[in-house]
Amino acid sequence: MRTEIRTGAVLVERTYVSLFERPVSLKPAFARVLSPIIYRARVWQRPCHRSRQTRHFSAGERLSSATMVATDGPGAPSSQKSPSRGLLVELAVESLAHGTGMGVSRLQLSENESFVVLVHNAIPGERVRARIIRRKRNHAEAIVVERLDPPSMFATAPLCRHFLEGCGGCKFQNLIYTKQLSEKEEQVRDMYRALLRRLETDGLASEASVEFLPAVGATVPTGLYAYRNKMDFTFGTRVWRPKPNTADDSGKVTLRQGRDTSTRDENTVSSGRKRPGTDTAPESGEDMRTGFALGLHVPRRYDKVLCIEDCALQIDVANEILRFVERHCRPLAETLLPPYDLVEHVGFLRNLVIRTAQDRHNQTQVMVNLVTSPPADAHQQAALEDVAAALWKAFGETNRGLVCVLQNITSNRSGVAVGESQRRLAGTQDTIEQCLRPLRHVRSRIQTSSWSETGINFQISANSFFQTNPAQAERLMAVVLENSGLLEQPSVGQVSPAAESSAELAVSSPQARQDTGALVVDLFCGTGTIALCLAPFAEQVLGLELVASAVDDARTNARLNARTNTVFQVTDLEKENLWQVIFRHLPLARQHPVDLLVMDPPRAGVHPRQLKAIAGAPPALRPRRLVYVSCNPASQTRDLDLLLRDAPWYRLEKVALVDQFPHTPHIETVAVLSLSHEADANGRHKASGSTEESGRYSI
Ligand SMILES: C[S@@+](CC[C@H](N)C(=O)[O-])C[C@H]1O[C@@H](n2cnc3c(N)ncnc32)[C@H](O)[C@@H]1O
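What counts and how
- In every chain, residue numbers begin from 1 and rise along the written sequence.
- Whole-chain, interface and lining totals are the exception, using all residues; otherwise, since this is a predicted model, local features are given only for residues with pLDDT of at least 70 and side-chain atom pairs are given and counted only at 80 or more.
- Computation of side-chain values: all heavy atoms of the structure, hydrogens and water removed.
- Angles here are taken between N-to-C directions and fall from 0 to 180 degrees, while the axes themselves are lines fitted to C-alpha atoms, restricted in helices to the stretch in contact.
- Numbering of helices and strands starts at the N terminus; helices are DSSP runs of H or I of at least 4 residues and strands are runs of E of at least 2.
- Each helix crossing is assigned a hand: it is left-handed if the near helix lies turned anticlockwise from the far helix by less than a right angle, otherwise right-handed if that turn is clockwise.
- We call two residues in contact whenever any of their non-hydrogen atoms come within 4.5 Å of each other.
- Three residue categories are used. Nonpolar comprises Ala, Val, Leu, Ile, Met, Phe, Trp, Tyr, Cys and Pro, charged comprises Asp, Glu, Lys and Arg, and polar comprises the others, including Gly.
- Throughout this description, the term salt bridge denotes a Lys or Arg side-chain nitrogen within 4 Å of a carboxyl oxygen of Asp or Glu.
- Residue burial is assigned from relative accessible area. The probe radius is 1.4 Å, only protein chains are included, and a residue is buried under 20% of its type maximum, exposed over 50%, and partly exposed in between.
- What we call a nonpolar core is a set of buried Ala, Val, Leu, Ile, Met, Phe, Trp, Tyr and Cys residues that are connected through their side-chain atoms within 4.5 Å.
- Reported domain spans reflect what an automatic or database domain assignment gives.
- N or O atoms within 3.5 Å of each other form a polar contact, as long as, within protein, one can give a hydrogen and the other can take it, and as long as residues adjacent in sequence are counted only when both atoms are side-chain atoms.
- To be near a molecule or strand, a residue needs just one of its heavy atoms within 4 Å of it.
- Stacked, tilted and edge-to-face are the three classes applied to pairs of Phe, Tyr and Trp rings, where Trp contributes its six-membered ring and a pair requires centres within 6.5 Å; stacked means planes under 30 degrees apart, edge-to-face means over 60, and tilted covers the rest.
- Criterion for a charge above a ring: Arg CZ or Lys NZ at most 6 Å from the ring centre, at most 35 degrees from the ring normal.

If you check an unreviewed UniProt entry, the protein chain appears there as Similar to RNA methyltransferase from Cyanidioschyzon merolae.

This is the structure we're talking about:
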């Protein structure tokens, strides 16, 4: 196969055309260095501009401007044809695709045609030789066969050896953090630009009126690793054993696609690592159930587990516990403690969930949760209890922070690590305590309050959601607080005496409200994290959440923090009538509009029923401000599109970003909407001319 490289110049020239309206030709070496900068400049200068070819990609999948092609050989593209599977191509990667974090590059099919190729494990600024493994209508996917010199200017050495083995937990350990952050920031902005363009066409929004705040990144370097407070490891029978990676003296690493051996082989040590000098992987076909793995699922393989000894995202004691459990369970894998086989649905050990927290005294607390199938007999259960007792002796009695070992028992065939019943195997409590001090990050006068030091304490049980990066969760809460409108309320400009003495905030009847405080509703409240951070600045806060144990935790947390102005209620926000629930549990909202409605849904977003309900509130009771927190900007922008069309009296004011997930493609996005002053008293929106029909609202 003859490979012809047509790097940079052509497309960089095109990039310049859009910048300066005249072509400028660059040598490939310069083009490689300059193209990311030029691309960024182009995006900033002309945010709405996209080439014809890019339009069919979902928002956020940005495209490469430098490219190369394979021109001969089987599968080589013609001008009419996209590349076929198996084709070897050389690609220049410029950006990262939203969601998957794959490198985005463009394969030139002809002078005028190109095709997007998403490359697994490739980073911007990198040139790779890659093989096409999947072809879709609008793009292809490829895996790296070789990384070409020079290395990307954004490359850095990954910390974790499992990263090189193909662990999917982190995607960007080999990409410098500033680039990770700017890529994610740009992806979100792209999505918002697309949303605003759509809305602008219909006169519903204007891009110029939205403020994009700079992304709040993790603290470098301390916040980049060991930031996760929960890791969910899987026991399995089907071991994923990666092919060895190659690295030359210069540190240039060639990642190779992992290989499924489907069984534990003679050459693996306890973690599934190969012993030195044994470099050929056996073929699959042996008894699949003889394997034992404890680790993480490899990407896109629900049944294969990559053995993990050390996860760089969790703290040291959690890694010690992981290895301890592996050492104690592996010898019993074929007798009393068989791992669960997700294909054949047999076996006992299913998940090891390790949760960590920092309590109010900055002491580490650790919860170990062993998720199992129902025990086959008393011997099996006793064997598990022996492991728990050994864990307790090693990490509980020695003050290493372990506070409990729990067992969650499930008969569910899915891989979800939640049990139908729970037992405590060791320890004296079923929760761990996390303290958050968001006021440390609020840039306003309330910073002097003693509350900023004492913080808020959260008790978290095994099956409740809690933000996974506490350091960044504090910053996220600070962003929510600063954009809540509550800090500007006359009565709570400071943490008021009333807020400090929570008894004074306990207002139960509508008459008691003297327009002195704010009403807040927190949808998808989990264990009450956002609600309890806002409560000192509000008159009453209502939190709604599906999971009963999380609501129990939220109520306990309110008591723990002496907050009596909060109500938490189990509610299915896919099914229930939002306003009926709000009026039932927050009677004041019948007479006064909710001042702040916060939503922090799961990745799938908010159900359209609730978006319609928010839009359909009677004019006098429309929530004054909406704060939408999301870990998925794609579903968030989709929801905002729907909401702003149904409720054009809201104006998107700000978009803020907090990176809770370094080395992954994810980022937390906060959208702030307020009631537009342009909407007149009858709910008529001047910009769009649309009207609100009060008949749409019913309870
Ligand atoms: C991203 S978490 C946010 C939790 C909380 N705001 C916090 O900061 O910790 C999403 C929450 O939505 C809850 N949830 C999922 N589906 C729901 C539904 N249909 N109705 C209500 N809550 C739901 C989940 O249990 C989870 O606690």
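Structure shown, so let's carry the discussion forward.
Time to look at the packing of helix 5 (residues 316-329) against helix 6 (residues 378-396). Any two packed helices are characterised by the angle at which their axes cross and by the distance between the axes. Running from amino to carboxyl end, helix 5 crosses helix 6 at an angle of 145°, the nearest separation of the two axes being 11 Å. As helix 5 runs across helix 6, the sense of the crossing is right-handed. Counting all contacts with helix 5, which are made through Val-317, Glu-320, Ile-321, Phe-324, Val-325, His-328 and Cys-329, the residues of helix 6 involved are Val-387, Ala-390, Leu-391, Ala-394 and Phe-395. Partitioned by chemical class, the residues of the contact of helix 5 with helix 6 number 10 nonpolar, one polar and one charged.

We now examine the pattern of salt bridges. In the structure shown here, the tally under the stated rule is 32 salt bridges. Linking Glu-141 and Arg-134 is a salt bridge whose minimum nitrogen-to-oxygen distance equals 2.7 Å. Given a relative accessible area of 33%, Arg-134 falls into the partly exposed group. As a salt-bridge pair, Glu-185 and Arg-189 come within 3.2 Å of each other at their nearest N and O atoms. Highlighted residues: Glu-185 and Arg-189, both in helix 4 (residues 177-201), separated by four residues, approximately one helical turn. Since its relative accessible area comes to 8%, Arg-189 is described here as buried.

This paragraph deals with the nonpolar core. Counting 98 residues, the largest nonpolar core has Phe-233 and Leu-352 as its most contacted members. Each of domain 2 (204-222 + 467-488 + 517-677) and domain 3 (230-245 + 280-434) accounts for three or more of the residues forming this core. In this view, Phe-233 contacts Leu-294, Gly-295, Leu-296, Ile-308, Cys-311, Gln-314, Leu-322, Arg-350, Asn-351, Leu-352 and Ile-354; residues no more than four positions away in its chain are not counted.

Among the eight residues that make up helix 12 (residues 578-585), six are buried, leaving the element largely enclosed by the rest of the structure. Restricting attention to buried positions, one finds in helix 12 the residues Leu-578, Trp-579, Val-581, Ile-582, Phe-583 and His-585. Elements that come into contact with the buried residues of helix 12 comprise strand 23 (519-523), strand 24 (540-545), strand 25 (566-570) and helix 13 (608-615). The N-terminus of helix 12 is capped by Asn-577, whose side-chain oxygen sits 3.1 Å from the backbone nitrogen of Trp-579.

As a structural note, the neighbourhood of the ligand is formed by 17 residues, with Gln-467, Phe-524, Thr-529, Glu-545 and Leu-573 the closest of them. In the environment of the ligand, a nitrogen atom lies 3.4 Å from a nitrogen or oxygen atom belonging to the backbone of Thr-571. A per-class count over the shell around the ligand returns nine nonpolar, four polar and four charged.

Bringing the packing of aromatic side chains into the picture now. For the structure shown, the criterion picks out five aromatic pairs. Arranged with centres 6.1 Å apart and planes meeting at 65°, the rings of Phe-235 and Phe-292 form a pair that is edge-to-face. In this pair, Phe-235 sits in strand 10 (residues 230-236) while Phe-292 sits in the loop between strand 14 (259-260) and strand 15 (293-297), placing the two residues 57 residues apart along the sequence. One exposure class covers both Phe-235 and Phe-292, and it is buried. Taking 5.4 Å as the distance between ring centres and 55° as the angle between the ring planes, the aromatic pair formed by Phe-458 and Phe-466 counts as tilted. Judged by relative accessible area, which is 2%, Phe-466 ranks as buried. In this arrangement the basic side chain of Arg-350 is found over the ring face of Tyr-340, its NZ or CZ atom lying 3.9 Å from the centre.

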